[in-house]
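# What the coordinates show
Chain by chain, the residues:
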Amino acid sequence: MVNVRQSWSRLQHHAQQVALRAGDRHIRLAVTGLSGAGKTAFVTALVNQLTLGYDKLPLFSVAREQRLIGVKRVMQPDLNIASFDYQGGIAQLTAEPPKWPSSTRNISELRLALRYLPTKGLRAKLVDSATLYLDIIDYPGEWLLDLPMLQLDFVQWSTQVNAAATKYQSSDKYDDFINSVNQLRLTDVADEQVLADISKRYQALLLDLVHQHGFYQAQPGRMLLPGELDGAPILSFFPLMTVSEQQIIEASKADKNSYFKVLQHRYQEYVQQVVKPFYRDHFCHFDRQVVLVDCLGGLNRGKDQFMDMTSALEHILESFQFGQNNLLKRLFSPKIDKLLFAASKVDHISRDQQANLLQLLGNMLKAGQQHARFDGCVVETMAISAIKASRHGTVNTASGPCEVVQGRVLDSGRPVTIFPGEVPTHLPDTSFWQGQGFDFPSFAPPIATNQLFGQIRMDHLLEFILGDKLL
Ligand SMILES: Nc1nc2c(ncn2[C@@H]2O[C@H](COP(=O)(O)OP(=O)(O)OP(=O)(O)O)[C@@H](O)[C@H]2O)c(=O)[nH]1
Ligand SMILES: [Mg+2]
């Protein structure tokens, strides 16, 4: 009898262990987007809402059903990734006057533990509560723009950059860079100082295109955000724009110490030591991905810049197309099974324009999806605001009621009530841009009355990203 009881309890214990292991105990959620898309604000808000306000997230079923017992920040798993500075972000947002969290330059992460009541499977029968560990990783979307470099050699890459020369020519740094490239005799023995000097000119060109002219794409991506690679020889290379095919043929016969061969080698090393490791060490371990898109900011910058943003999105999409022939799938085995493109900062526009914004994002992505195969990956789009900095209302005008937005001007903090204008559902034609263009507002952060910030559709987003893991 004793033996039967012992074996029964052992069996029960074993079943419990299996149930605990079988359930989803851990998920890695990556958040990306081009510079300024709203990644830091988003992660700060997500942690804020999950830890302090999950009872105010009605579309997040685990919260609505009152099965979420508690959420807290715990120690992050990776010791070699910077910690996401949540406290710093909150301190800025709650300062007087409040400030938006500072711009970030690198990958960072944090871990949350979500304790909840399970409803399904063995887990629900055997345990009173379960914990889902959620790792949130914030990384620059610009890093995904380097993906094509994995399948291009140095000459092919140079040709590709040169094909977009018109964009580069819009910067007055272009001539400076091109003149120095043209003075280089590619077969001569390379001088480190000369390479460093021309690379700096190329970097100045990229920075000018992005920061002064509002473009988004620049390769190599780390040249914009070099971090610990600043000044390292691995970033001391540049594309041979405007160099003729004949010159390349001659240069390829040169000695391994020649400018051409050294540049070629550095390009290969960048691909091997910077691009590949990001995919191998980080990207391949992400389970779910949010890509934030600041469509309104793109429209404000102008037609060429908006088109550049659309093209950047197409390239970002390539990292998630896991069809059989996908380059990444052949090199590594990515496991992202849910991908969300979210138009950010939707609190900048009136309620009646939010559907247009979603349609615009859908149309921006369409071009990139035409030949796409997202095998095993569910793709969704939404329009959200991580931190709501405005209030929506209606004013009566001579032509009837009009939807408006009330917020505070970014620089002065002065309260304003505005009609931010219509959001186009498609890219408008050239004449529209020549005529008026767009001028969507930027708001100062809300004045926090308590530590919890308002949001738009973050509960919907959480349900898509985590709902199935919390059953
Ligand atoms: N009104 C409003 N503004 C937002 C929201 N999210 C971001 N912003 C604005 O967008 C700016 C950039 O947001 P960040 O979160 O720093 O964007 P990021 O993608 O982390 O930018 P980098 O770190 O520079 O790559 C902020 O300083 C705010 O002005 C939002 O939900 N609502
Ligand atoms: Mg940031």
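Shown above is the structure to which this text applies.
Heads up: these notes are all about the structure in this document. (Residues numbered from 1 in each chain as written. Chains lettered and ligands numbered in written order. Predicted model: local features only at pLDDT ≥ 70, side-chain atom pairs only at ≥ 80, totals over all residues. Heavy atoms only, no water.)

### Considerations on the nonpolar core
Counting 97 residues, the largest nonpolar core has Tyr202, Phe238, Leu240, Tyr279, Phe283 and Phe320 as its most contacted members. Per-element accounting of this core gives the leading share, 11 residues, to helix 11 (residues 259-282). Here tyrosine 279 is in contact with Trp143, Leu144, Leu147, Leu150, Cys284, Ser319, Leu328 and Phe332, once residues within four sequence places are set aside. Leu29, Leu292, Leu340 and Leu470 belong to the second largest nonpolar core, which has 46 residues in total. (Core = buried A, V, L, I, M, F, W, Y, C linked by side-chain atoms within 4.5 Å. Buried < 20%, exposed > 50% of the residue type's maximum accessible area, 1.4 Å probe, protein only. Helix = DSSP H or I, 4+ residues; strand = E, 2+ residues; numbered from the N terminus. Contact = heavy atoms within 4.5 Å.)

### Re the environment of leucine 112
Structurally, leucine 112 can be placed in strand 4 (residues 108-116). For the pair leucine 112 and leucine 134, spaced 22 residues apart in sequence, the C-alpha to C-alpha distance is 5.1 Å. Excluding residues within four positions of it along the chain, leucine 112 makes contact with Val47, Leu50, Thr51, Val71, Lys72, Arg73, Val74, Leu132, Tyr133, Leu134 and Ile136.

### Description of the state of the cysteines
On inspection of all chains with the given rule, the structure shows zero disulfides. Free of any disulfide, cysteine 295 has its nearest neighbouring cysteine sulfur in cysteine 377, separated by 19 Å. (Disulfide = S-S within 2.5 Å.)

### Quick word on the site of ligand 1
Lys39, Ala41, Ser103, Thr104 and Asp347 are the nearest of the 18 residues found near ligand 1. Within the backbone of glycine 36, a nitrogen or oxygen atom sits 3.0 Å from an oxygen atom of ligand 1. A distance of 3.0 Å is found between an oxygen atom of ligand 1 and a backbone nitrogen or oxygen belonging to glycine 38. Notes on ligand 1: free accessible area 650 Å², of which the protein chains cover 89%. Residue classes in the shell around ligand 1 are distributed as seven nonpolar, eight polar and three charged. (Near = heavy atom within 4 Å. Polar contact = N/O pair within 3.5 Å; in protein donor to acceptor, adjacent residues only side chain to side chain. Areas by Shrake-Rupley, 256 points an atom, 1.4 Å probe, with all protein chains shown as cover. Nonpolar A, V, L, I, M, F, W, Y, C, P; charged D, E, K, R; others polar.)

### Here we look at the coordination of the magnesium ion (ligand 2)
Protein coordination at the magnesium ion (ligand 2): the donors are Thr40 (OG1) and Thr104 (OG1), at 2.0 to 2.1 Å from the metal. Pair noted here: threonine 40 is in helix 2 (residues 39-52) and threonine 104 is in the loop between helix 4 (86-93) and strand 4, with a separation of 64 residues, a long-range link. For threonine 40, a relative accessible area of 14% puts it in the buried group. Among the residues examined, threonine 104 registers a relative accessible area of 34% and is labelled partly exposed. (Donors = N, O, S within 2.8 Å, 3.2 Å for Na, K, Ca; no water.)

### Let's talk about the packing of aromatic side chains
Applying the stated criterion across every chain yields a total of 21 aromatic pairs. Taken together, a centroid distance of 5.7 Å and an interplanar angle of 15° make the contact between phenylalanine 438 and phenylalanine 440 stacked. Among the aromatic residues, ring-to-ring pairing joins Tyr139, Trp143, Phe278, Tyr279, Phe283, Phe286 and Phe320 into one connected group. Just above the ring of tyrosine 168 sits the side chain of lysine 167; from NZ or CZ to the centre is 5.8 Å. Taking NZ or CZ as reference, lysine 338 lies 4.6 Å from the ring centre of phenylalanine 464, over its face. (Phe/Tyr/Trp six-rings, centres within 6.5 Å; stacked < 30°, edge-to-face > 60°. Lys NZ or Arg CZ within 6 Å of the ring centre and 35° of its normal.)

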